[in-house]
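Observations on chain architecture
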Amino acid sequence: MDLGVNIDHVATLRQARGTTYPDPVAAALICEANGADLITLHLREDRRHISDHDVFRMREAIATRMNLEMAVTEEMKQIALSVKPDDICLVPEKRQEITTEGGLNVADQAASLEPFIDTLQSAGIRVSLFIDPDESQIVASHAVGASVIELHTGAYAEARSASQIRAELSRLETAVKIAEDHGFRVNAGHGLNYENVEPIVAIRSIKELNIGHAIISEALFAGLAGAVRRMRELMNRAGG
Ligand code: PXP
């Protein structure tokens with residue numbers, strides 16, 4: 001299972017002081033050297049962490065895959081077509097949210113999503129939709145022509161009781177099966193950390209996990225190289 005390290009929060013730290021450090025591109029190179037299979041970054045409409053300049057520099061610097069998370073807007077589409085990342089993950093975006101709160105409502109935006117996805121895919125970019133693990137969203141994602149979905153693991157990560165955790169895991173397992181039946185490559189992410197990742201890795205047909213906040217936080221104590229290696233080793237063990 002691939003590990004995508006989301007390096008947004010390296011830029012969050014830089015933006016907190018308006019300095020030039022820490023550099024998310026330098027961080028990405030350390031992630032790659034220590035087990036990341038791809039680098040994920042979110043260019044938000046408000047540019048609160050990653051900047052346009054970071055995105056273009058990242059494209060030049062990294063040797064693995066670049067997964068650009070972005071909202072479904074004309075501005076982002078033009079940037080994507082110019083940067084040409086390997087993958088794009090379309091996410092809903094609300095200005096006031098602390099982080100991406102829920103999945104895309106694909107059915108509601110089908111008319112605008114279909115041509116949007118088609119334009120990106122025609123440019124050779126693989127397009128993923130970040131959705132909640134619900135059958136209706138998977139079916140709608142298939143209808144608009146996406147080839148990849150990323151299942152939102154936030155509800156699983158936030159579940160507290162054993163029965164809630166089991167229910168959310170089972171919801172994810174069912175969603176993975178339905179998505180596979182529709183021919184999707186299935187990725188997952190959001191809220192995953194060193195304590196809760198193993199049961200997700202046990203869902204073998206998930207192809208990629210995107211993990212940010214927990215790894216960048218752990219880097220304060222273990223160093224970024226150590227934090228990425230620790231997650232990589234944990235995923236390798238859990239994956240057998
Ligand atoms: N996947 C998507 C689509 C996201 O929006 C995010 C958060 O930016 C992540 C994964 C990573 O989430 P976290 O930082 O909670 O690991």
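The numbers attached to residues start from 1 for each chain and follow its sequence in the written order. In view of the model being predicted, local features appear only for residues whose pLDDT reaches at least 70, and side-chain atom pairs are presented and counted only at 80 or more, with totals across whole chains, interfaces and linings using the full set of residues. Working from all heavy atoms in the structure, the side-chain values ignore hydrogens and water.

1. Concerning the site of the ligand
- Taken together, the neighbourhood of the ligand is formed by 13 residues, with Glu69, Glu150, Gly191, Gly212 and His213 sitting nearest.
- Pairing of N or O atoms within 3.5 Å defines a polar contact, subject to two protein rules: one partner must be a possible hydrogen donor and the other a possible acceptor, and residues neighboring in sequence count only if both atoms are side-chain atoms. Note that an oxygen atom of the ligand is positioned 3.3 Å from one of the side-chain N or O atoms of Glu69.
- Taking Gly191, its main chain carries an N or O atom lying 2.8 Å from an oxygen atom of the ligand.
- When the ligand sits alone it has 400 Å² of accessible area, and the protein chains cover 94% of it.
- Grouping the amino acids of the shell around the ligand by side-chain chemistry returns 3 nonpolar, 7 polar and 3 charged. Throughout this document, a residue counts as near a molecule or strand when at least one of its heavy atoms sits within 4 Å of that molecule or strand. Per-residue and other accessible areas follow the Shrake-Rupley method at a 1.4 Å probe size, with only the shown protein chains counted as cover for residues. All amino acids are sorted into three groups, where Ala, Val, Leu, Ile, Met, Phe, Trp, Tyr, Cys and Pro are nonpolar, Asp, Glu, Lys and Arg are charged, and the leftover types, Gly among them, are polar.

2. Digging into unusual backbone geometry
- For the bond from Tyr21 to Pro22, the omega torsion is -5 degrees, close enough to zero to count as cis.
- Helix and strand assignments come from DSSP, with helices taken as H or I runs of at least 4 residues and strands as E runs of at least 2, each series counted from the N terminus. The residue Pro22 is located in the loop between α1 (8–17) and α2 (24–33) in this model.

3. Points about the nonpolar core
- Judged by nonpolar contacts, the single largest core of 71 residues is most densely connected at Ile7, Leu90, Leu129, Leu209 and Ile215.
- Here this core gets 10 residues from one element, more than from any other, and that element is helix α10 (residues 213–238). Here, nonpolar core means buried Ala, Val, Leu, Ile, Met, Phe, Trp, Tyr and Cys residues that are tied together by side-chain atoms lying within 4.5 Å of each other. Here's how the labels work: a residue is buried when its accessible area is under 20% of the maximum for its type, exposed when over 50%, partly exposed in between, all with a 1.4 Å probe on protein chains only.

4. Some words on the packing of helix α4 (residues 74–83) against helix α5 (residues 110–122)
- The convention used is that axes are lines fitted to C-alpha atoms, helices contributing only their stretch in contact, and that angles between N-to-C directions extend from 0 to 180 degrees. Viewed as axis vectors pointing N to C, α4 and α5 meet at an angle of 15 degrees, and their least axial separation amounts to 10 Å. Viewed along their axes, α4 and α5 adopt a mutual orientation that is roughly parallel. By crossing handedness, the relation of α4 to α5 is classed as right-handed. Counting all contacts with α4, which are made through Lys77, Ala80 and Leu81, the residues of α5 involved are Phe116, Thr119 and Leu120. For classification purposes, an angle smaller than 35 degrees is called roughly parallel, one larger than 145 roughly antiparallel, one from 65 to 115 roughly perpendicular, and anything else oblique. The hand of a helix crossing depends on one turn: near helix anticlockwise from the far one by less than a right angle means left-handed, and clockwise means right-handed. Two residues qualify as a contact provided that any one of their heavy atoms is within 4.5 Å of a heavy atom in the partner residue.

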